[in-house]
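# A look at the structure
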Amino acid sequence: GNSEDTVGLDARIHLLSSRQFSCVYLKRPDMAHGLVRRESVDTEMHTAHDTRKTYVYTKKRGYDVTRNPHLNKAMAFSLEERLQLGVHGLLPPCFVSQDIQLLRVLKNYDMKRDDLDRYIFLMGLQDRSEKLFYRVLMSDIERFMPIIYTPTVGLACQQYSLIFRRPRGLFITIHDRGHISTILQNWPEKDVKAVCVTDGERILGLGDLGCNGMGIPVGKLALYTACGGMPPQQCLPVMLDVGTDNETLLKDPLYIGLRHKRVRGQAYDDLLDEFMKAVSDRYGMDCLIQFEDFANVNAFRLLSKYRNKYCTFNDDIQGTASVAVAGLLAALRITRNKMSDHTVVFQGAGEAAMGIAELITMAMEKEGLPREQCVRKIWMVDSKGLIVKGRDHLTHEKERFAHEHPHMKNLDDVIRQLKPTAIIGVAAVAGAFSEQIIRDMASFNERPIIFALSNPTSKAECTAEQCYTFTEGRGIFASGSPFDSVTLPSGMTFYPGQGNNAYIFPGVGLAVTAGAIRCITEEIFLVAAEALAHLVTEDDLAEGRLYPPLSSIRDVSIKLAAKILEYAYENNMATLRPEPSDKEAYLRTLTYSTDYEEFVADSYRWPEDSMTVQSCKL
Ligand code: NAD
């Protein structure tokens, strides 16, 4: 641009690096047809907060801008923008608002035949116009979340090789050892704050999907933005492809991943070590690394290996724990007793079960019960039956919940024998909560707690309808995948709660990145669970909901993040200085906007000084 115009931007322009930008100009909203006027911006920048918008376009002008999903506004480009960018004539001669674009997307969406088509359609939109994509998601998150996340994302991963259109995120393979930092340099964004990584070995309850598991980090990070408000440019999905043991994929000519068996052992560990270090070197020690859908042979040991060294957490273990415990805490408001009054039986003893059990133990301890007694209130059943002392096949994690008791094989017998107050299904065994089990639970509990958390829907231990019907409406139910409301013959209608991790990880991610928290402790997940349970209203509980409505998830994430930030500052875990006095207000200033006018603040943040950036969010 005209150098006179930019002189006054001094430090800021310096940061933007004048080489990268071809023009910086201000536009007055009062100029109805928006003739763009360049102005001397040195004085304007200080006074412009409410009255003007700043546009910064990269040097890659014109055609490239219309092909760049971060910048593309399609027919929402005004005439003057089209002239400035040199794309006049490259778009239909019509100027539409984002509202109209939303309408067009929704109409197209309605024409899709099934959920997989809807998924492909939304991903295509994300590739073309990111702001519009998030506008669509946020226009009705309840409707779109089951498409971009569980359950449809599971189907999408199973078909990923077939529906693959455009790469998104980074693909790093076992053969890239020694070069990971170079690969990270290839990623165009410099200010990444959250990485979501998988090796695809245990995708939802669907097993080893190899490189096709990339759909999971992509979906999770879309929710960081849609639910937590994190700018998408700050989020990086990563697939660590070490091969797959899935024979069907290995034989599939369309498969997009490495065509050999999984590499394990030292080579695998070296890859992970190098990856963790390379990410932290490039993006900072406070760059969040979320582990997603690793098989439990790796998930637990990687978590304990890295949790005190890097800013990391495992969502399948800790995020799940937090959302499940939030559901239990909300359920306590119905059963009107304490966590330590409950006996819990888990169907499944994997990542989800261990994470939930650990957090339940912490919640009981917080009520004053000694740890050994808390642990004794938790029982687990795995594929070999009840976990008891001296049984075969006990891993270190399972050993902790092995009690003195005769071994029992059958879940029905276990339930009848132990008479738990709560059963939690996390074994991905469809229908495991039989009619008999549910009726038994209702016979020895006034308000039995029944959580069928296995995903996707086809793997759920029971349906919402079965739970409410067999307990005559007394069951307190939550599921992993969404279920429709249920009306019993008595006329009572229930709205089953979805114990969706999306209530937790976007808020945790937002708090961790906003407060530059470098170590994510277990307590953070208990704080998140308590904050989430607190947001459930009495009306929600009366309708059977153990979670706030998904439609309020943006607000929920911010409130939850504010609680975590408070806790982190009280416990010297947040490194951002100065400490924001009003945490919620501070978090709100950081959140991504789908407004086309806010390119600057969302696209370019100054990592050195977040407060300076805020002053630039015009
Ligand atoms: P995992 O592979 O770590 O654990 C599965 C466990 O189930 C293992 O302990 C295995 O021994 C046990 N199991 C297998 N067959 C069994 C059988 N017949 N009877 C009893 N136990 C059996 O998996 P995970 O991460 O713990 O996830 C399990 C399920 O929970 C998946 O369906 C996942 O989608 C779901 N999940 C739900 C949520 C949520 O709702 N928020 C979160 C995480 C996981």
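Just so it is clear, the model here is predicted, and its values are computed rather than measured. For every chain, the first residue of the written sequence is number 1, and numbering continues from 1 along that sequence. Owing to the predicted nature of the model, reporting of local features is limited to residues with pLDDT of at least 70; listing and counting of side-chain atom pairs is limited to 80 or more, with chain, interface and lining totals taken over all residues. Excluding hydrogens and water, the side-chain figures rest on all heavy atoms present in the structure.

If you walk across this open sheet you meet the five strands as 3-5-4-6-7, and the pairing is parallel. The open sheet has two free edges, formed respectively by strand 3 (170-173) and strand 7 (312-314), since each of these has just one partner strand. Within this sheet the neighbouring strands show an average axis-to-axis angle of 25°, counted without direction. Across four bridges, strand 3 lies against strand 5 (residues 235-241) in parallel orientation. Only strands joined by at least two bridges in the DSSP assignment are considered to pair. Helix and strand assignments follow DSSP, with helices taken as H or I runs no shorter than four residues and strands as E runs no shorter than two, numbered in order from the N terminus. For helices, the fitted axis covers only the stretch in contact; all axes are lines through C-alpha atoms, and the angles between them, taken along N-to-C directions, range from 0 to 180 degrees.

For the rest of this paragraph, the subject is the pairing of strand 13 (residues 476-479). Successive residues of a regular strand alternate their side chains across the two faces of the sheet. Each residue is assigned to one of three classes by its accessible area relative to the maximum for its type, calculated with a 1.4 Å probe on protein chains only: buried under 20%, partly exposed between the two thresholds, exposed over 50%. Of the two faces of strand 13, the one holding I476 and A478 and the one holding F477 and S479 are both buried throughout. Of the pairings in the sheet, the one linking strand 12 (residues 449-452) to strand 13 comprises four bridges and is parallel in character. Bridge pairing in strand 13 links A452 to S479. For a crossover, the right-handed case is the one in which the path from the first strand over the helix to the second runs clockwise, viewed with the strands pointing away from the viewer. As for the winding sense of the linkage, the β-α-β connection from strand 12 through helix 23 (residues 464-470) to strand 13 is right-handed. Summarising the sheet, strand 13 and strand 16 (residues 497-498) pair through two bridges and their orientation is parallel. Across the sheet, S479 pairs through a bridge with Q498, a residue of strand 16.

Residues are labelled near a given molecule or strand when at least one of their non-hydrogen atoms is within 4 Å of it. The environment of the ligand is formed by 25 residues, the closest being R202, N296, A352, G499 and N501. N or O atoms closer than or at 3.5 Å make up a polar contact, with two conditions inside protein: a donor-capable atom paired with an acceptor-capable one, and, for residues adjacent in sequence, both atoms drawn from side chains. A distance of 2.9 Å separates an oxygen atom of the ligand from a polar backbone atom of A352. Accessible areas in this description were obtained via Shrake-Rupley with a 1.4 Å probe; residue shielding takes into account the shown protein chains only. With the chains in place, 83% of the 860 Å² that the ligand exposes on its own is no longer accessible. Elements that contribute at least two residues to the shell around the ligand include exactly helix 17 (315-335), helix 18 (351-366) and strand 9 (378-382). Under the convention adopted here, Pro, Cys and the residues Ala, Val, Leu, Ile, Met, Phe, Trp and Tyr are nonpolar, Asp, Glu, Lys and Arg are charged, and Gly plus all remaining residues are polar. Its residues assigned to classes, the shell around the ligand shows 10 nonpolar, 12 polar and three charged.

On to the nonpolar core, then. Take the buried residues of types Ala, Val, Leu, Ile, Met, Phe, Trp, Tyr and Cys, join any two whose side-chain atoms come within 4.5 Å, and each joined set is a nonpolar core. Counting 171 residues, the largest nonpolar core has F275, F346 and I360 as the members making the most contacts within it. The element that contributes the greatest number of residues to this core is helix 17, accounting for 12 residues. With 28 residues, the next largest nonpolar core counts L411, I438, C467 and Y468 among its residues.

With that settled, consider the UniProt feature "active site" (unreviewed entry) in the protein. UniProt's entry tags Y149 and K220 with the feature "active site" (unreviewed entry), counted in the numbering of this structure. These annotated residues cover 72 residues of sequence, and their C-alpha atoms lie no more than 7.1 Å from one another, placing them together at a single site. By secondary structure assignment, the location of Y149 is in the loop between helix 9 (141-148) and helix 10 (152-158). Accessibility expressed as a relative area gives 7% for Y149, which makes it buried. Of the residues examined, K220 reaches a relative accessible area of 4% and is grouped as buried. By the convention used here, residues are in contact when the closest approach between their heavy atoms is within 4.5 Å. K220 has contacts with Y149, C196, Q290, E292, D315, N501 and F505, leaving out every residue within four places of it along the chain. UniProt positions are given in the numbering used here, feature names are shortened, and annotations may be inferred rather than shown by experiment.

The next subject is the sheet that holds strand 10 (residues 385-386). An order of 10-9-8-11-12-13-16 is seen for the seven strands of this open sheet, with the pairing classed as mixed. With one partner strand each, in any of the chains shown, strand 10 and strand 16 form the two edges of the open sheet. Sheet topology note: the strand 8 (residues 344-347)/strand 11 (residues 422-425) ladder contains four bridges and is parallel. Across the sheet, residue F346 finds its bridge partner in strand 11, namely I424.

This part takes up unusual backbone geometry. In this model, T150 is joined to P151 through a cis peptide bond whose omega is 10°. On the secondary structure map, P151 appears in the loop between helix 9 and helix 10. Note that the residue after N455, namely P456, is joined by a cis bond; omega there is -15°. Here P456 lies in the loop between strand 12 and helix 23. Of note in the backbone geometry, N572 takes a positive phi value of approximately 55° without being a glycine. Positionally, N572 belongs in the loop between helix 27 (553-570) and helix 28 (583-590).

A separate point is the side chain of T198. Along the chain, the position of T198 falls in strand 4 (residues 194-198). Polar side-chain contacts of T198 include one of 2.9 Å to the backbone nitrogen of G200.

Turning our eyes to something else, we now look at the packing of aromatic side chains. A pair of Phe, Tyr and Trp rings is counted when the ring centres sit within 6.5 Å of each other, with Trp represented by its six-membered ring. The angle between the planes then sorts it: under 30 degrees is stacked, over 60 is edge-to-face, the rest tilted. Overall, the coordinates contain 14 aromatic pairs when judged by the stated rule. With a centroid separation of 5.5 Å and 45° between ring planes, the pair formed by Y224 and F505 is classed as tilted. With Y224 in helix 13 (residues 215-228) and F505 in helix 24 (residues 505-514), this pair connects stretches of sequence that are 281 residues apart. No difference in accessibility class separates Y224 from F505, as the two residues are buried.

For the α-helix, the turn length of 3.6 residues means that residues three or four positions removed from each other point alike. In a regular helix each residue adds 1.5 Å, so 21 residues correspond to 30 Å; helix 17 covers 28 Å between its end C-alpha atoms and thus fits that length. Taken across its 21 residues, helix 17 has 20 buried, putting it largely inside the fold. Taking the backbone nitrogen of D316 as reference, a side-chain oxygen 2.8 Å away marks N314 as the first, capping residue of helix 17. The first or second residue beyond helix 17 is R336, which carries a positive phi of 55°. For a helix, the expected span equals 1.5 Å multiplied by the residue count minus one.

A few words on the pattern of salt bridges. The term salt bridge refers to a pairing of a side-chain nitrogen on Lys or Arg with a carboxyl oxygen on Asp or Glu at a separation within 4 Å. Under the counting rule described, the total for this entry stands at 35 salt bridges. The shortest N-O distance in the salt bridge between E538 and R333 comes to 3.1 Å. Residue E538 is found in helix 26 (residues 538-542), and its partner R333 is found in helix 17; the two are separated by 205 residues along the sequence. Exposure remark for R333: the relative accessible area of 29% places this residue in the partly exposed category. With its nearest N and O atoms 2.8 Å apart, the salt bridge here joins K559 to D555. Residue K559 and its partner D555 are both found in helix 27; the two are separated by four residues, about one turn of the helix. Taking the relative accessible area as the measure of exposure, D555 reaches 32% and is therefore partly exposed. The structure contains a network of salt bridges with shared partners spanning E358, E365, R371 and R400.

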